[in-house]
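Okay, here's what each chain looks like letter by letter:
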Amino acid sequence: FPPAVFPLSCVVQNYSWGKVGLESEVAKLVASGDPLVQIQPDQPYAELWMGAHPRGDALIRDNRIPQKTLGQWIADNPACLGAKVKDAFQGHLPFLFKVLSVNTALSVQAHPNKELAAKLHAQFPEHYPDANHKPEMAIALTRFEGMCGFRPVEEIVSFLQNVPELRALIGEVAAEQLERSGSDDPRGVSAALRVCFTRLMKSEKKFFVDQLNMLVKRISQEAAEGKDTSGSNGDLLLRLHSQYPGDIGCFTIYFLNLVRLEPGEAMFLGANEPHAYLYGDCVEIMACSDNTVRAGLTPKFIDVLTLCEMLNYTPAPSSSKIFPAAQSQLDPYVYLYDPPVPDFTIMRIEIPASIKLYLISAMDSASILLVIQGTAVGTSTAAASEMSLQRGSVLFISANESISLHLSSPDGMLLFRACCLL
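Just so it is clear, the model here is predicted, and its values are computed rather than measured. (Residues numbered from 1 in each chain as written. Predicted model: local features only at pLDDT ≥ 70, side-chain atom pairs only at ≥ 80, totals over all residues. Heavy atoms only, no water.)

Engineer: Help me understand the overall build of the chain, please; the structure alone is not making it clear to me.
Structural biologist: Broken down by element type, the chain carries eleven helices and 27 strands. Against the compact-globule benchmark of 22 Å for 422 residues, the chain has a radius of gyration of 23 Å, which places it among compact chains. The principal-axis extent of the C-alpha atoms belonging to the chain is close to 70 × 45 × 40 Å. Within the chain, the proportion of its 422 residues that are buried is 57%. As displayed, the chain has an accessible area near 18000 Å², and 53% of this comes from carbon and sulfur atoms. The chain carries 34 positive and 45 negative side-chain charges, and their two centres are separated by 2 Å. (Helix = DSSP H or I, 4+ residues; strand = E, 2+ residues; numbered from the N terminus. Rg over C-alpha atoms; globule rule 2.2 N^0.38 Å. Buried < 20%, exposed > 50% of the residue type's maximum accessible area, 1.4 Å probe, protein only. Areas by Shrake-Rupley, 256 points an atom, 1.4 Å probe, with all protein chains shown as cover. Lys, Arg positive; Asp, Glu negative; His and termini not counted. Charge placed at Lys NZ, Arg CZ, Asp CG, Glu CD.)

Engineer: I tried to follow the nonpolar core on my own but got confused; where do I start?
Structural biologist: Across soluble globular proteins, nonpolar side chains show a tendency to be buried alongside one another. Core analysis: the largest hydrophobic core is formed by 72 residues, its most contacted members being Phe97, Phe396 and Leu405. The element best represented in this core is strand 27 (residues 413–419), accounting for six residues. Here this core gathers at least three residues from each of two domains, domain 1 (1–151 + 255–340) and domain 3 (341–419). Residues within four places of Phe396 in sequence aside, it is in contact with Ala4, Val5, Phe6, Leu8, Leu70, Trp73, Ile74, Cys80, Ala366, Ser367 and Ile368. Counting residues in each nonpolar core, the second largest holds 54 residues, with Leu169, Phe208, Phe251 and Ile253 among its members. (Core = buried A, V, L, I, M, F, W, Y, C linked by side-chain atoms within 4.5 Å. Domains from an automatic or database assignment. Contact = heavy atoms within 4.5 Å.)

Engineer: Would you explain the packing of helix 5 (residues 153–162) against helix 7 (residues 172–180) in this entry?
Structural biologist: To characterise two packed helices, one gives the angle between the axes of the helices and the distance between these axes. The geometry of helix 5 relative to helix 7 is characterised by a closest axis approach of 10 Å and an angle of 140 degrees between their N-to-C directions. By the angle class used here, helix 5 and helix 7 are oblique. Helix-helix and strand crossings are classified by hand; for helix 5 and helix 7 the assignment is left-handed. Across the interface between the two elements, Val153, Ile156, Val157, Leu160 and Gln161 of helix 5 pack against Ala175, Leu178 and Glu179 of helix 7. Considered class by class, the residues forming the contact of helix 5 with helix 7 number six nonpolar, one polar and one charged. (Axes fitted to C-alpha atoms, helices over the stretch in contact; angles between N-to-C directions. Parallel < 35°, antiparallel > 145°, perpendicular 65-115°, else oblique. Left-handed = near helix turned anticlockwise from the far one by under 90°. Nonpolar A, V, L, I, M, F, W, Y, C, P; charged D, E, K, R; others polar.)

Engineer: Just checking my understanding: could you explain the UniProt feature "binding site: Zn(2+)" (unreviewed entry) in the chain for this structure?
Structural biologist: Under the UniProt annotation, "binding site: Zn(2+)" (unreviewed entry) lies at Gln109, His111, Glu136 and His275. Of the residues just listed, which span 167 residues, no C-alpha pair is farther apart than 12.1 Å, and they cluster in one region. Cross-referencing the annotated residues with the lining of the largest pocket gives Gln109, Glu136 and His275. Checked against the element boundaries, Gln109 lands in strand 10 (residues 108–110). Ignoring sequence-local partners within four residues, the contact set of Gln109 consists of Glu273, Pro274, His275, Thr292, Val293, Arg294 and Leu307. (UniProt positions renumbered as here; feature names shortened; annotations may be inferred. 1 Å grid on protein atoms, 1.4 Å probe; cavity = no way out; pocket = protein on both sides within 12 Å on 5 of 7 lines; lining within 4 Å.)

Engineer: Explain the UniProt feature "domain: Phosphomannose isomerase type I helical insertion" (unreviewed entry) in the chain to me, please; I cannot follow it from the model alone.
Structural biologist: Under the local residue numbering, the UniProt record ascribes the feature "domain: Phosphomannose isomerase type I helical insertion" (unreviewed entry) to residues 169–256. End C-alpha to end C-alpha, residues 169–256 measures 17 Å, and it is 65% helix and 1% strand.

Engineer: Any chance you could explain the layout of surface pockets here in plain terms?
Structural biologist: A probe as big as a water molecule, rolled over the atoms, marks out the empty space that is left. Space inside the largest pocket adds up to approximately 610 Å³. What lines the largest pocket is a set of 31 residues, among which Tyr15, Trp17, Gln109, Arg294 and Lys300 lie closest to the centre. Contributing elements (two or more residues each) for the lining of the largest pocket: strand 5 (47–50), strand 9 (95–102) and strand 15 (275–287). For the lining of the largest pocket, the residue count by class is 14 nonpolar, eight polar and nine charged. (Points joined across faces, edges and corners; volume = space filled by probe spheres on them.)

Take a look at the structure:
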C-alpha cells in the first residue's frame with residue numbers, strides 16, 4: 001500500500017494586507033516547519049493554504065509517493081476521503097484549511113449561499129469563479145479583531161445621532177425610519193436597516209469622500225484635544241481611514257459589530273453574513289470556493305448591488321458572534337468547533353505536558369493536522385516511516401488512519417485538526 005499519512009509543504013500567499021516578515025504567524029510557522037525556508041523581512045506573509053485548492057495545492061513531502069501534490073494524490077486515491085465524504089463531495093476534499101496573519105483590514109465582504117452562488121457564477125464567471133457556497137470559521141491564535149454581522153439597532157441609532165456625517169449620507173428619511181422601527185417588528189427593523197445600509201453603500205463617491213474627510217478631520221481634532229471619541233467609534237475610524245483613505249468601507253464600522261476574539265475563541269461566518277477581518281492571527285477553515293462579494297476596504301472588484309441585496313439584515317450583539325467550542329465526550333483534550341454546515345469541522349487538541357503518548361484517533365474523513373506548539377515523533381501503520389513533528393508541521397491523514405504521538409516537549413502540544421464529520 002502507498003503511505004496514507006504523510007507530511008505536506010504548504011503554499012504561502014503574500015497578499016499586501018498580511019503581517020510582514022517574522023511578525024507574521026504564517027512566516028513563523030513556515031520557518032519552524034521547514035528550516036531551509038528563507039523568510040524575507042520586508043515581505044508580507046498573509047495566508048498559509050493547507051489543502052488541495054488548485055491555486056494553492058500542497059506539495060507532498062514524501063519521496064516514496066509518486067504524486068507531487070495533495071490534489072493529485074486525492075484524485076488518484078479518492079477512497080482516502082472516507083466513503084461518505086467521497087460521495088457527498090464528488091471525490092474532492094470539501095474544505096480548505098488556512099492560517100491567516102492580518103496586519104491591515106480585509107475587505108468588507110459576504111459569501112453567497114449555494115443558490116446565489118450558482119446564479120452569480122452563471123452570470124459573471126470572471127468575478128465568481130465557481131458555483132459553491134463559502135461558509136467560513138476563524139479561530140484566534142493571537143488576539144484577533146474582526147467585524148461581523150449587523151449591530152443591535154440601538155447602537156446604530158446612537159451612531160446616527162452622534163455622527164452627523166453618517167446621517168448626511170443615509171438621509172433623514174431612512175435614518176428616521178430606523179429610529180422609529182420597533183423591536184416588536186423584526187421584519188420592519190430588517191427592512192429599515194437594509195434601506196439605511198444600501199443608501200450608505202450607494203452614495204455618490206464625491207459626496208461620501210467629502211463627508212468622510214469632514215468626519216476624519218473632526219475626530220482627529222477631538223482626539224488631539226484629549227476628548228472621548230468612542231461615541232463616533234473614533235479609534236477604529238482613524239485606523240481604517242489610514243489604511244484605506246477615501247474608502248466607503250470606513251463607514252461600515254457604524255453598522256457592523258466589532259468582535260474581539262481571545263486565542264481559542266472562534267467566529268462562524270455563514271452565508272450572507274457581512275464581515276471583515278481587521279487584525280491578528282487565526283486558523284481559518286472554509287468550504288472550497290472563491291466566491292466573495294466585496295463592497296469596501298479593498299482595491300478589488302466591488303459589487304455593491306449584489307452585496308446589499310444578499311445580506312442578512314438581522315441585528316444581534318457582538319457577543320452572539322462568538323462560536324463556542326465543545327469539549328469532546330470521548331477525549332478531554334479535544335475541543336470541537338462544529339458549525340451548522342456539513343463541509344467542515346475543526347478540532348483543537350491540547351495535550352498537557354504530563355502526557356507522553358497520545359493517539360490521534362481514526363475517523364471516517366480525511367483530515368489535515370497542524371502543529372502550533374510542541375514536538376513529537378509520530379508513528380502510523382499507514383506512514384512509510386516515523387515522522388518528526390514540530391511547530392509548523394502539517395500532516396495529511398487519510399480516513400480511518402490513526403497516529404501515535406510520542407511527545408518530547410516539556411510544555412505539551414497544541415494542534416488543530418480539520419476534517420469533515422458527515
